[in-house]
Amino acid sequence: MAMQTIPRLPVRSESHIVLNLVSQNDAQRLREFFLEAGFEEGNLRKRGYFNELPSSRLRNMPRLLDSTSDPNLLNVLLRWFWIGVPQDASRTAEFLPPWFTTLALSCGLLRKDEDGERIVPEVMFFPAEGFLVTADHTTKIDANDPELVLWPNPTSRFLSRFTVRRPSRATLDLGTGNAIQALSAAAHSEHVVATDLNPRAVNFAQFTARLNGKENIEALLGDGFAPVAGRKFDLIVSNPPFFISPSGRYLFCDNPMDLDQLCRQFVKDAPNYLEEDGYFQLLCEWAEVRGQSWQERVGEWLEGSGCDAWLIKGHTQDPAEYAQHRIAETAAGTRNDAELYANYMAYYRERKVEAIHDGIIAMHRRSGHNWTQIEELSELPKDPFGEFVQLVFSARDFLQSHAADAEMLVVKPRLAPYCRLEQFFQPGEGRWQPTSLNLRLLKGFAFFIGLQAPVAGFLNGCDGTRTVGELIQDFARQVDAPFEQVQKECLGIIRKLIERGFLLV
Ligand SMILES: C[S@@+](CC[C@H](N)C(=O)[O-])C[C@H]1O[C@@H](n2cnc3c(N)ncnc32)[C@H](O)[C@@H]1O
């Protein structure tokens with residue numbers, strides 16, 4: 001099928017609020033004010049605010065209003081900047097210093113209603129990863145606004161955990177939205193460019209960068225890589241609009257090209273903007289189309305990139321279940337669900353979509369013979385795992401540069417301190433019978449590998465002081481097998497364990 005772009009709704013930014021940039025001093029005053037009032041992640045989490053975001057669909061407004069009914073400063077801030085309801089100017093004035101209201105009104109965070117008696121919040125402040133992030137209120141999802149600026153959500157946190165966090169001269173956050181990736185990257189990057197096709201997102205990103213004292217973030221408007229033409233980066237991260245839907249309506253989530261083609265386009269373009277040794281990391285979804293395996297489809301995305309590439313598939317949904325979930329997430333309840341669902345299903349049927357997969361891609365620009373690894377992992381780390389992503393890439397580079405046995409025999413590997421040997425037993429014949437013996441990683445990727453007991457003993461010698469050759473010599477003396485065979489098998493195991501990060505080199 002020919003690739004087609006679904007026409008977007010016209011950008012309506014003129015009718016939307018614009019945040020005016022505050023001075024660096026005022027930004028600092030604002031953020032300290034919120035922090036001192038207790039408007040920060042730990043405190044809000046403790047009070048249960050993150051368990052369920054304000055939502056008209058969940059009908060949690062009465063409960064949230066009740067929980068913020070005590071007259072105090074934090075509750076005033078929560079009602080405006082978390083829940084998103086107007087409040088009487090006279091009530092709020094009791095708790096707020098005049099400078100705050102004047103500043104918030106002048107920069108567009110607040111506005112007065114027509115009679116001037118109530119003050120209306122224009123944005124949500126979402127505390128995340130130690131930052132105060134500006135986004136649209138969660139309740140605005142029902143307004144069907146194509147230019148909604150989404151708050152940090154589980155996919156944002158996931159990309160953040162996945163990101164390789166080493167010093168970077170220049171980082172690009174492609175599709176910055178609420179700017180959370182740019183903010184985190186600012187700590188380990190000399191310069192960050194945050195781009196978005198949504199002018200409201202660019203405006204919010206500029207404001208959020210200043211509010212959080214990150215003066216090394218530059219926010220630019222434009223489609224894909226166009227705003228950074230001719231520039232190169234050590235790190236590019238992207239949480240793009242990857243929903244596979246018949247509509248290109250929502251900038252924040254709908255892949256506007258046929259099926260998954262925007263993600264493909266980003267993957268195809270990214271290497272041109274990477275410095276040698278730079279990383280590109282993307283969250284994505286892709287369609288599995290009848291007659292083509294999912295691996296073939298994404299394999300084509302990664303071909304000829306000039307990068308080493310690792311794609312990890314996560315969950316799979318069938319089109320019907322996927323359509324239902326996406327409709328529930330994006331379409332307001334008043335719309336005709338049956339019609340929407342029929343639209344989605346017709347779109348998938350026409351294109352012979354049999355499944356929709358999600359996953360992550362990491363690409364590392366490297367001259368030479370590149371490798372591609374496409375695999376499925378049922379579990380991904382719950383803690384930040386960028387350093388382990390980097391470890392996997394370095395391990396594969398190492399294996400490639402030590403392809404000859406003679407090169408591997410002089411290496412002195414050591415077991416990762418966070419690997420554990422597990423022995424399982426099962427009941428039998430009146431005693432516990434040993435069954436499997438597994439080597440497992442407790443940090444990073446939850447890789448594990450089954451071992452024979454003698455091999456476990458052999459690995460015990462891998463403490464970084466002895467060469468692989470010496471270890472094999474010793475081991476061969478203990479087993480009853482020809483030396484060549486022992487060496488071949490040991491080298492195979494060593495290579496596998498280096499590749500998966502059990503052995504460090
Ligand atoms: C899912 S949001 C991600 C926001 C944020 N980076 C995060 O991780 O939470 C995707 C963002 O990509 C932007 N976007 C959509 N199409 C784009 C395009 N063609 N080029 C650049 N940005 C785009 C949207 O406006 C939206 O802000």
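As for the pattern of salt bridges
Thought 1: What the rule picks out here adds up to 28 salt bridges.
Thought 2: Ionic pairing is found between Asp-258 and Arg-351, a salt bridge with its closest N-O pair at 2.8 Å. In this pair, Asp-258 is assigned in the loop between strand 9 (233-238) and helix 10 (261-269) and Arg-351 in the loop between helix 13 (337-350) and strand 12 (353-365), connecting sequence segments 93 residues apart. Exposure class is identical for Asp-258 and Arg-351. Each is buried.
Thought 3: In this structure, Lys-268 engages Glu-300 in a salt bridge whose closest nitrogen and oxygen atoms are separated by 3.8 Å.

Regarding the packing of aromatic side chains
Thought 1: Counted under the stated rule, the structure contains 32 aromatic pairs.
Thought 2: Taken together, a centroid distance of 5.1 Å and an interplanar angle of 35° make the contact between Phe-81 and Phe-125 tilted. Of this pair, Phe-81 sits in helix 4 (residues 73-83) while Phe-125 sits in strand 4 (residues 124-128); the two residues are 44 residues apart in sequence, bridging distant segments of the chain.
Thought 3: For Phe-81, a relative accessible area of 0% gives the class buried.
Thought 4: Judged by centre distance (5.4 Å) and plane angle (15°), the rings of Phe-445 and Phe-447 are stacked. Each member of the pair, Phe-445 together with Phe-447, is buried.
Thought 5: Taken together, the aromatic side chains of Phe-158, Phe-162, Tyr-279, Trp-310, Trp-371, Phe-385, Phe-393, Phe-445 and Phe-447 make up a single cluster linked through ring pairs.
Thought 6: It is Lys-313 that lies over the ring of Trp-294; its NZ or CZ is 5.6 Å from the centre.
Thought 7: The ring of Phe-448 has Arg-440 lying over it, and the distance from NZ or CZ to the ring centre is 4.6 Å.

Points about the side chain of Thr-195
Thought 1: You can see Thr-195 is positioned in strand 7 (residues 189-196).
Thought 2: The buried category is assigned to Thr-195, whose relative accessible area is 1%.
Thought 3: Residue contacts for Thr-195: discarding those within four places in its chain leaves Leu-172, Asp-173, Leu-174, Gly-175, Thr-176, Leu-220, Gly-224, Pro-227 and Val-228.

Some details on the domain arrangement of the chain
Many authors give the size of an interface as the accessible area that is lost as the parts come together.
Thought 1: Segmentation of the chain into domains returns domain 1 (37-122), domain 2 (131-401) and domain 3 (405-504).
Thought 2: Counting residues at the interface gives 18 residues for domain 2 and 14 residues for domain 3.
Thought 3: Taking both partners together, domain 2 and domain 3 bury about 1300 Å²; carbon and sulfur atoms supply 74% of that area.
Thought 4: Inspection of the domain 2/domain 3 interface yields two salt bridges.
Thought 5: At the junction of domain 2 with domain 3, the criterion picks out two residue pairs in polar contact (both at pLDDT 80 or more).

Rules of the game
- Residues numbered from 1 in each chain as written.
- Predicted model: local features only at pLDDT ≥ 70, side-chain atom pairs only at ≥ 80, totals over all residues.
- Heavy atoms only, no water.
- Salt bridge = Lys/Arg side-chain N within 4 Å of Asp/Glu carboxyl O.
- Helix = DSSP H or I, 4+ residues; strand = E, 2+ residues; numbered from the N terminus.
- Buried < 20%, exposed > 50% of the residue type's maximum accessible area, 1.4 Å probe, protein only.
- Phe/Tyr/Trp six-rings, centres within 6.5 Å; stacked < 30°, edge-to-face > 60°.
- Lys NZ or Arg CZ within 6 Å of the ring centre and 35° of its normal.
- Contact = heavy atoms within 4.5 Å.
- Domains from an automatic or database assignment.
- Buried area = accessible area lost by both parts, 1.4 Å probe.
- Polar contact = N/O pair within 3.5 Å; in protein donor to acceptor, adjacent residues only side chain to side chain.

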